[in-house]
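Read off the chains here:
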Number of protein chains: 4
Amino acid sequence: MIIVLKPGIVRKQETTILNEIRKRGYTPHVMRGVARIVIGAIGDELTHQSLETLAMAFPEIVESVTPVQKRYKLVSREGHPQDSTIDVRGNIIGGKKFQVMAGPCSVETEDQLLRTADAVRAAGATILRGGAFKPRTSPYEFQGLGQKGLKLLAKARRQTGLAIITELLSENHAEMVAEYADILQIGARNAQNFQLLIAAAKTGKPVLLKRGLSMKIEEWLLAGEYVLAHENPNLMFCERGIRTFETYTRNTLDLAAIPIIKNESHCPIVIDPSQGAGRADLVKSLCKGAVSMGADALLIEVHPNPAEAWSDGAQQVSIENFGQLMQELRPLIAAAGRE
Amino acid sequence: MIIVLKPGIVRKQETTILNEIRKRGYTPHVMRGVARIVIGAIGDELTHQSLETLAMAFPEIVESVTPVQKRYKLVSREGHPQDSTIDVRGNIIGGKKFQVMAGPCSVETEDQLLRTADAVRAAGATILRGGAFKPRTSPYEFQGLGQKGLKLLAKARRQTGLAIITELLSENHAEMVAEYADILQIGARNAQNFQLLIAAAKTGKPVLLKRGLSMKIEEWLLAGEYVLAHENPNLMFCERGIRTFETYTRNTLDLAAIPIIKNESHCPIVIDPSQGAGRADLVKSLCKGAVSMGADALLIEVHPNPAEAWSDGAQQVSIENFGQLMQELRPLIAAAGRE
Amino acid sequence: MIIVLKPGIVRKQETTILNEIRKRGYTPHVMRGVARIVIGAIGDELTHQSLETLAMAFPEIVESVTPVQKRYKLVSREGHPQDSTIDVRGNIIGGKKFQVMAGPCSVETEDQLLRTADAVRAAGATILRGGAFKPRTSPYEFQGLGQKGLKLLAKARRQTGLAIITELLSENHAEMVAEYADILQIGARNAQNFQLLIAAAKTGKPVLLKRGLSMKIEEWLLAGEYVLAHENPNLMFCERGIRTFETYTRNTLDLAAIPIIKNESHCPIVIDPSQGAGRADLVKSLCKGAVSMGADALLIEVHPNPAEAWSDGAQQVSIENFGQLMQELRPLIAAAGRE
Amino acid sequence: MIIVLKPGIVRKQETTILNEIRKRGYTPHVMRGVARIVIGAIGDELTHQSLETLAMAFPEIVESVTPVQKRYKLVSREGHPQDSTIDVRGNIIGGKKFQVMAGPCSVETEDQLLRTADAVRAAGATILRGGAFKPRTSPYEFQGLGQKGLKLLAKARRQTGLAIITELLSENHAEMVAEYADILQIGARNAQNFQLLIAAAKTGKPVLLKRGLSMKIEEWLLAGEYVLAHENPNLMFCERGIRTFETYTRNTLDLAAIPIIKNESHCPIVIDPSQGAGRADLVKSLCKGAVSMGADALLIEVHPNPAEAWSDGAQQVSIENFGQLMQELRPLIAAAGRE
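Residues numbered from 1 in each chain as written. Chains lettered and ligands numbered in written order. Predicted model: local features only at pLDDT ≥ 70, side-chain atom pairs only at ≥ 80, totals over all residues.

1. What about the overall build of chain A?
Test applied: The helix count covers DSSP runs of H or I at least four residues long, the strand count covers runs of E at least two residues long, and both are numbered beginning at the N terminus. Three exposure classes are used, all based on how many other C-beta atoms lie within 10 Å of a residue's own C-beta (placed from the backbone): buried at 20 or more, exposed at 12 or fewer, and partly exposed between those limits. For the purpose of contact definition, each residue receives a C-beta atom placed from its backbone, and two residues are in contact when these atoms lie within 7 Å.
Scanning chain A from N- to C-terminus turns up eleven helices and 14 strands. Considering chain A as a whole, with its 339 residues, one finds that 62% of them fall into the buried category. Counting contacts in chain A only where the partners sit at least 6 residues apart, residues at least 24 apart contribute 65% of the total.

2. Structural notes on the relation of the copies chain A and chain B
What counts, and what does not: Superposition of the copies was done by least squares, using only C-alpha atoms of residues whose pLDDT is at least 70 in both.
Under the fitted operation, chain A is carried onto chain B by 0.0 Å of movement along the axis and a turn of 180 degrees, and the coordinates agree to an RMSD of 0.0 Å. Here the symmetry operator amounts to a two-fold rotation axis. For chain A, the residue whose C-alpha comes nearest the rotation axis is Ser-214 of chain A, separated from it by 3.0 Å. Both copies contact each other with a shared surface, as 100% of the interface residues of chain A are interface residues in chain B too.

3. Brief notes about the sheet that holds strand β4 (residues 62-66) of chain B
All names here are of chain B. As a reminder, the rule being used: Here a strand pair is declared whenever DSSP counts at least two bridges between the two strands. Think of each axis as a best-fit line through the C-alpha atoms, taken over the contacting stretch in the case of a helix, with angles from 0 to 180 degrees between the N-to-C directions.
The four strands lie next to each other as β2-β3-β1-β4, forming an open sheet whose pairing is antiparallel. The strands lining the two open edges of the sheet, one partner per strand, are β2 (27-32) and β4. The average angle at which neighbouring strand axes cross in this sheet is 20 degrees, direction not considered. Direction of pairing for strand β1 (residues 2-5) relative to β4: antiparallel, over a ladder of four bridges. Bridge pairing in β4 places Ile-2 opposite Thr-66. Strands in contact with helix α1 (residues 11-23) are β1, β2, β3 (37-42) and β4; relative to β3, the strand with the most contacts, it is inclined by about 15 degrees.

4. Looking at the relation of the copies chain D and chain C
Rotating chain D by 180 degrees and translating it 0.0 Å along the rotation axis places it on chain C, where the RMSD comes to 0.0 Å. Comparing contact sets, 100% of the residues at the interface of chain D also lie at the interface in chain C, consistent with an isologous, same-surface contact.

5. Re the domain arrangement of chain A
Short version of the rule: Where each domain starts and ends comes from a domain assignment, either automatic or drawn from a database.
By domain assignment, chain A separates into domain 1 (2-66) and domain 2 (86-335). For domain 1 of chain A versus domain 2 of chain A, the distance between C-alpha centres works out to 45 Å.

6. A short note on the interface of chain D and chain C
With 39 residues of chain D at the contact, the number on the chain C side is 39 residues. Residue assignment for the side of chain D that touches chain C shows that the elements contributing at least two residues are α2 (54-57), α6 (194-202), α7 (217-229) and α10 (280-292) of chain D. The element contributing the most residues to the side of chain D that touches chain C is α7 of chain D, with five residues.

7. A short note on the pairing of strand β14 (residues 297-301) of chain C
Residues and elements named next belong to chain C. The element β14 is largely enclosed, with a buried count of five among its five residues. Residues Ala-297, Leu-299 and Glu-301 of β14 are buried on one face, and the alternating residues Leu-298 and Ile-300, pointing to the opposite face, are buried as well. Sheet topology note: the strand β7 (residues 99-103)/β14 ladder contains five bridges and is parallel. Residue pairing across strands places Val-100 opposite Leu-298, the latter belonging to β14. Taken together, the two bridges between strand β13 (residues 269-271) and β14 define a ladder with parallel strand orientation. By the bridge assignment for β14, Ile-271 is matched with Leu-298.

8. Some points on the packing of helix α6 (residues 194-202) of chain B against helix α7 (residues 217-229) of chain B
Residues and elements named next belong to chain B. Note the cut-off: An angle below 35 degrees is read as roughly parallel, one above 145 as roughly antiparallel, one from 65 to 115 as roughly perpendicular, and any other as oblique. Handedness of a helix crossing follows the sense of rotation of the near helix relative to the far helix, less than a right angle counterclockwise being left-handed and clockwise being right-handed.
Between α6 and α7, the shortest axis-to-axis distance is 8 Å and the interhelical angle comes to 40 degrees. Of the possible angle classes, the one that applies to α6 and α7 is oblique. Note that α6 runs across α7; the crossing there is right-handed. From α6, Phe-194, Leu-197, Ile-198, Ala-200 and Ala-201 reach across to α7, where they touch Ala-223, Tyr-226 and Val-227.

9. Observations concerning the interface of chain A and chain B
Let me state the cut-off plainly: Gly falls in the polar group here, along with every residue not listed as nonpolar (Ala, Val, Leu, Ile, Met, Phe, Trp, Tyr, Cys, Pro) or charged (Asp, Glu, Lys, Arg).
Tallying the contact residues gives 39 residues for chain A and 39 residues for chain B. Counting residues per element, the ones that place at least two in the side of chain A that touches chain B are α2 (54-57), α6 (194-202) and α7 (217-229) of chain A. It is α7 of chain A that contributes the most residues to the side of chain A that touches chain B, five residues altogether. Taken together, the residues of the side of chain A that touches chain B break down into 20 nonpolar, eleven polar and eight charged.

10. Considerations on the environment of Lys-97 of chain B
Residues and elements named next belong to chain B. Within the secondary structure, Lys-97 sits in the loop between β6 (91-93) and β7 (99-103). Of the residues examined, Lys-97 has 15 C-beta atoms within 10 Å and is grouped as partly exposed. Put simply, Lys-97 and Leu-298 are 201 residues apart on the chain and 12 Å apart in space, counted from C-alpha to C-alpha. Setting aside anything within four residues of it in sequence, one finds Lys-97 in contact with Ile-92, Arg-338 and Glu-339.

11. Overview of helix α10 (residues 280-292) of chain B
Counting buried residues along α10 of chain B, twelve of its 13 residues qualify, which places the element largely inside the surrounding structure. Gly-294 of chain B sits one or two residues past α10 of chain B and shows a positive phi near 105 degrees.

12. Focus on the environment of Phe-58 of chain B
Residue and element names in this part refer to chain B. By the element assignment, Phe-58 lies in the loop between α2 (54-57) and β4. The class for Phe-58 is partly exposed, based on 17 C-beta atoms found within 10 Å. C-alpha of Phe-58 to C-alpha of Glu-14: the two residues are 44 residues apart in sequence and 11 Å apart in space.

13. Some words on unusual backbone geometry
Leaving glycine out, the prevailing phi sign among residues is negative, and the prevailing peptide bond configuration is trans. Even without being a glycine, Glu-231 of chain C presents a positive backbone phi close to 65 degrees. Residue classification places Glu-231 of chain C among the exposed positions, given that 10 C-beta atoms sit within 10 Å. With phi around 50 degrees, Arg-89 of chain D is a residue other than glycine that occupies positive phi space. Tracing the backbone shows Arg-89 of chain D in the loop between β5 (86-88) and β6 (91-93). Residue Arg-89 of chain D is classed as partly exposed on the basis of its 13 C-beta neighbours within 10 Å.

Below is the structure:
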């Protein structure tokens, strides 16, 4: 930790702070600068108590306290330089092959799901998405089919061979959802619901962790740390747009998250352009950007008839448009060195 | 719903949209404006399917679709013009008397809790806060004492007569926490964890719902609607700062939420200046603003020794400062017409 | 305009509003809905007075007032369906050929500028960027070489054939800067400095308008409208990142602005990844995304020795890295259908 | 400056960095921590070149570089512990007496202005606000009466004795506006238009600097530094709301700016609740908060007939409401220790 003292500090005040630092198990190291005294407190920040409270306890002496070490370990590329890969029924996420996860926002009916599953498989997707439990802003909106939806997803898997990703909403459902799903999705509104993250990790299934609406990169990495710290190595991050002042789009898709996650972590990074824009007409362009920037996979909402979708129709692309999108992505996937 | 068509629409396109509107159970009403055709779709928006998907299904015809009705009902002042009040062991929140909830961020030890409880009661607080289950950004930080912390809170209640507010973190703990607490707090990171809101509502205990870090007022009201819709009328909202670009403070406390919640809802509004600023040195000023603007209660972090707190020391005020703060608030509470 | 009345309005109140609407020159059109009365006010919103004040003048009657027409005209694709192109010394921006503008953040010395100019031309750039007048957050930072910098830019143009883009900071410099530059850049901090926009427009030179740090798409288009309304058709928009809560990057580059500007406007769109990230290590990835998503040009900061730059060294790429970047972009430019 | 090196650095790499630090005129001071090496670079950061570029120049060695000194001097309370006061025609801003500046958003007609001036003076305001030059988002909106508006303001001053505050929009108008006005207002959209700040400072008139829509506190202080650095000591800061994701209000008024500016600077702080909320119905509550939190003055938009205002009608309060507001503020002003 680096402790910066205010200008004009006398020796007695300095001694007070040095004692406090020693009391917490660090070795202080004093540097006398031109305008201020700076103290380096030497010790392992992950095992010792933080010194950040010194700034408030001694406001007339301490100007600022800054940690030096990164707070995340297991998700960090520092300790794990190679890219991690995740095997989902034979589809490798994070490897040479680019993966596409596609399907409806919500599972609505057998016909809707199976038609979509057939279509997205034909177009090249390898993983089927579909919500059985839906977090809805209003209690009066459609909340998902629940276990019935999970069963339809399993049926679609048997019929098409696609792997299944679906959202986990409640700790109490973790085992049930894990029974049907190949990947558990943690939604943006639950990205810091740590109890849910732990429950998901404990199922042993791969976890896709969406970025929260106002989550900093560091907080996202730390939320992912909860999964790895509970002995589940199969974590992937999913950028789905952050909340900003802009109202033209529902969220602002932060595509810079792709190279940033690649810098900081060994875990795969997935992009969700459907939530990211909230508008189907922007999905194609955002997919192209994501592929070229090195994303490992896409998560796209596809519906046979978006205008009649039971949830989020405005951001689901039609089956026809999805097929065309996949065609247009092929040369970019190749240019990005993927298959 | 109001549907605005693009300029230069021909009759056949208009007919398509009129049919779609009728198909969804609304009666269309056409207005031919100077630059565009506008259609009013008459029907109850809370019971009919949304028309918002028309804009995406017919992008070459429809420019925008805007709902007319508000999406929340039970929390709304429209249907419940009088202020609601909540009785917490004889302390009325939302009434004539201004309430102060105070105590440590985390319950740490019996001594720490009881000393704080005695002190805040002596200074005029009526409700004791203290976290037994703590949501921490990092898995390596102190996560709370759990049930042991709840037992200490109950002991502090017996000894001081203060009511207890504490955070509920997990659906699985709802009954246990409700056994000890007088108010269940839902934290900012769980403000759209709807399963947790439902679990809290079902305990029958009063619920304090913190605003999420990037929650719009409308979303906050709708999250509150989950509590009332599950037959728990004892809901209070708590503003604790939103996330913005500013880094001087940890969050930006949106004090305008006080008159806004008073306009839109009958439920009480509580202000948390400790989380709101993340700095103990701003707490006093923010409390003064909150009182003068009509808040019903304050939620303040107080610690006997903030520099040694096990969590969030930087935002906890000392017992001495809390006493002085309460003194300084008295004339403002009187000026605001409260006791 | 669409005026929504509150529930429970009586006939006399309705009449009051109808009269106010007529007084302002609109023809009211009443729709009686299930929950509320909605009034369409028919008339040209661009030439009549706004009705938005009715909501405040009659708060007990009017719930909301929503305009129907878009507020921008000249920049809009609606009235100008073909893409506009801008000819800058024979380099066409917005056409088939993808353009790269590159050069140092600030013009520092003749040697620095000419070395950079030679290098970026060799790598394929066609336009040289370089600031002679620099807007600096602190008055104690380097403010640019002024006219001396402009002269060096002109010299670099003579020597390399590259066209010149440089920032205009002050109305008083408009003529002087226009004398040397081929494109006038309006920086993010001046994006709503309308006097400066008008002064730039009047020079007749092409104008590159950066998006303000917290500018909504609509406001950006309206700021561009100031340029076209002052009879300068040669406007291009430049996305350079918006301000959000994220601190890992200096700004959040909103790449969705590319398809959005293409939807809404006929003017070219340029991406500035250097300002967008504030970190040279993310520039390459952001450039790839921008090219694939359909940007018309890139604006990249390049410096012969970033570590010794007089301004913003952290976001400038070295000459070597720029050359490599240009190599890696070629297949993506081809895949995007550009040359 | 504090330079943190990456883990696993070898001696040769360390030496490289030490040499770079010395080359820039700092004395390096090495601390070997548990996980990393930290170097303190001793030297005056305001006169030496920044070391922040080292992180980019040596990305494989340097993890982060953090400045230690504050970047502002003249506005800082550190070097000027007493509160500054500004005398505006005998009205002291920043002293014992609380000041209210009130008047219309735009000067529209002689009758409108004089009626408002008489009314706000009668209610207790001492300074008249009114825009003669208006920055409007759209080029098609009313841009102000210009010099004719300034003359009306001067007439209102002669008739009522109120001092005048009005916005300066263009460097070219600085002398003209200063001839009529007692305080020059720099609007939010020009808060980092440094040329305009310098022009305003040079007139010698007091300057009211509004906070930019997405301006951090530090940037705001640095913009103020431009005024003081150009030898004009009469600077006041004005918080008028920042841009956030919330759409219920036009901006989010950051009332914490009051204690923060009081902590960091000696200059007075003024609150503008009209812009801050964009809704007249919230103005009263925000004024109460501002007074209680220690603001030195308020800047309030008042119009004889808000529904017919030529600009921003929705946020202007009526003369009647203003009178009542001033009555309700009196006890709070007294409770805050002001007159």
